[in-house]
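Now for the letters of each chain:
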Amino acid sequence: MKRRRLTEEEMQLWRKVASSAERLLPEACSIEVSKPMPKPEKVIAPRIGSFEIGARSKKPSRAHDLMPSISDRVAKQPVQMDKKAFGRLKRGKLKPEGKIDLHGLTAQQAHGALTGFVMRSHAEGKRLVLVITGKGKSKFDDGPIPTRRGVLKHQVPQWLSMPPLAGCVLQVAEAHQSHGGSGAYYVYLRRH
């Protein structure tokens, strides 16, 4: 919005008032009212790469986000099994036909035990098994760099997606709270 200019009458009135007024700060410089202020020249902002100063920044790229949690990655896997059965599975309505508890095992021991258990369950014709990994121990002081909790919780989904287990496994999902929640996985096996 543009400011309106003072008329000649208004300028005379202002001069009359200004001549009768006393200065509060005598060292302050006087301002000439009759001269309009010069317009500042448009300053061209220097370009820095592809960014101009004063311009809006681009939306952040997803390339530098932190890796999602293991629960998020398992949940985002495409559904391979029947969607209705998968919904019942996620609500905890399907009962596992077998389970293995990997608490207290090293990663090497757990890998061997898991492989044997899944292969035996598949050979017996079982469809749904429960693999309990635990949530992992929390350390007293993690320090400034966060470390992930639960070695088995992170390794089991990877092991189930690699040979020889990948041929037996149809779907992996985090267990319902009634079956162990985020410390366990449902493993839905293919038909034998």
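It should be noted that the structure appears before, not after, this text.
Described in the following lines is the structure provided in the data block. (Residues numbered from 1 in each chain as written. Predicted model: local features only at pLDDT ≥ 70, side-chain atom pairs only at ≥ 80, totals over all residues. Heavy atoms only, no water.)

A look at the overall build of the chain
Within the chain, the regular secondary structure consists of 5 helices and 6 strands. Reading the secondary structure of the chain in the N-to-C direction produces α-β-β-α-α-β-α-β-α-β-β. Within the span of the chain, comprising 192 residues, buried residues form 28% of the whole. The contacts in the chain between residues at least 6 apart in sequence include a share of 63% that link residues at least 24 apart. As displayed, the chain offers around 15400 Å² of accessible surface, 57% of which is attributable to carbon and sulfur atoms. (Helix = DSSP H or I, 4+ residues; strand = E, 2+ residues; numbered from the N terminus. Buried < 20%, exposed > 50% of the residue type's maximum accessible area, 1.4 Å probe, protein only. Contact = heavy atoms within 4.5 Å. Areas by Shrake-Rupley, 256 points an atom, 1.4 Å probe, with all protein chains shown as cover.)

Some points on a positive patch on the surface
Residues K84, R88, R91 and K93 make up a contiguous surface patch of positive charge. Mapped onto the elements, K84 comes out in helix α3 (residues 83-90). (Patch = residues over 30% accessible without salt bridge, like charges linked within 9 Å, V, L, I, M, F, W, Y side chains within 5 Å. Salt bridge = Lys/Arg side-chain N within 4 Å of Asp/Glu carboxyl O. Lys, Arg positive; Asp, Glu negative; His and termini not counted. Charge placed at Lys NZ, Arg CZ, Asp CG, Glu CD.)

A closer look at helix α4 (residues 107-123)
The end-to-end C-alpha distance of α4, which contains 17 residues, comes to 24 Å, matching closely the 24 Å that a straight helix rising 1.5 Å per residue would cover. Within the span of α4, buried status applies to A110, L114, T115, F117, V118, S121 and H122. Residues of α4 that are buried sit in contact with β3 (98-101), β4 (128-132), α5 (151-160), β5 (169-174) and β6 (184-189). (Expected span 1.5 Å × (residues − 1).)

Overview of the packing of α4 against α5
Two numbers describe how α4 lies on α5: the axes approach to 11 Å, and their chain directions differ by 40 degrees. As far as their axial angle goes, α5 and α4 are oblique. Of the two possible hands of crossing, α4 and α5 adopt the one that is right-handed. In this structure, α4 contributes A107, A110, H111, L114 and V118 to the contact, and α5 contributes V151, L152, V156, W159 and L160. Among the residues forming the contact of α4 with α5, the class breakdown is 9 nonpolar, 1 polar and no charged. (Axes fitted to C-alpha atoms, helices over the stretch in contact; angles between N-to-C directions. Parallel < 35°, antiparallel > 145°, perpendicular 65-115°, else oblique. Left-handed = near helix turned anticlockwise from the far one by under 90°. Nonpolar A, V, L, I, M, F, W, Y, C, P; charged D, E, K, R; others polar.)

Regarding the environment of R190
By the secondary structure assignment, R190 is in the segment after β6. Each C-alpha atom, one on R190 and one on Q171, is 8.5 Å from the other, the two residues being 19 residues apart in sequence. Ignoring anything within four residues of it in the chain, the contact list for R190 reads H122, R127, A166, G167, C168, V169 and L170. Within the structure, the side chain of R190 is placed 3.4 Å from the backbone oxygen of G167, a separation counted as a polar contact. (Polar contact = N/O pair within 3.5 Å; in protein donor to acceptor, adjacent residues only side chain to side chain.)

Some remarks on the pattern of salt bridges
Applying the stated criterion across every chain, the model contains 4 salt bridges. Among the salt bridges present, the one from E124 reaches K126, with a minimum N-O distance of 3.3 Å. E174 serves as the salt-bridge partner of K153, at 3.8 Å between the closest nitrogen and oxygen. You can see K153 sitting in helix α5 and its partner E174 sitting in strand β5, a full 21 residues away along the chain. Across the pair, E174 and K153 agree in class, each one buried.

Considering unusual backbone geometry
With omega at 5 degrees, the peptide bond leading from P163 into P164 counts as cis. Tracing the chain through its elements places P164 in the loop between α5 and β5.

A short note on the sheet that holds β5
In spatial order, the strands read β3-β4-β6-β5; together these 4 strands make up an open sheet with mixed pairing. Two strands in the sheet have a free side with no partner beyond their single neighbour: β3 and β5. Strand after strand, the sheet turns through a mean of 20 degrees between neighbouring axes, direction not considered. Bridge analysis of β5 against β6 gives 5 bridges, and the strand direction is antiparallel. (Pairing = 2+ DSSP bridges.)

Overview of the environment of D72
Along the chain, the position of D72 falls in helix α2 (residues 70-75). Of the residues examined, D72 reaches a relative accessible area of 38% and is grouped as partly exposed. Put simply, D72 and E174 are 102 residues apart on the chain and 9.5 Å apart in space, counted from C-alpha to C-alpha.

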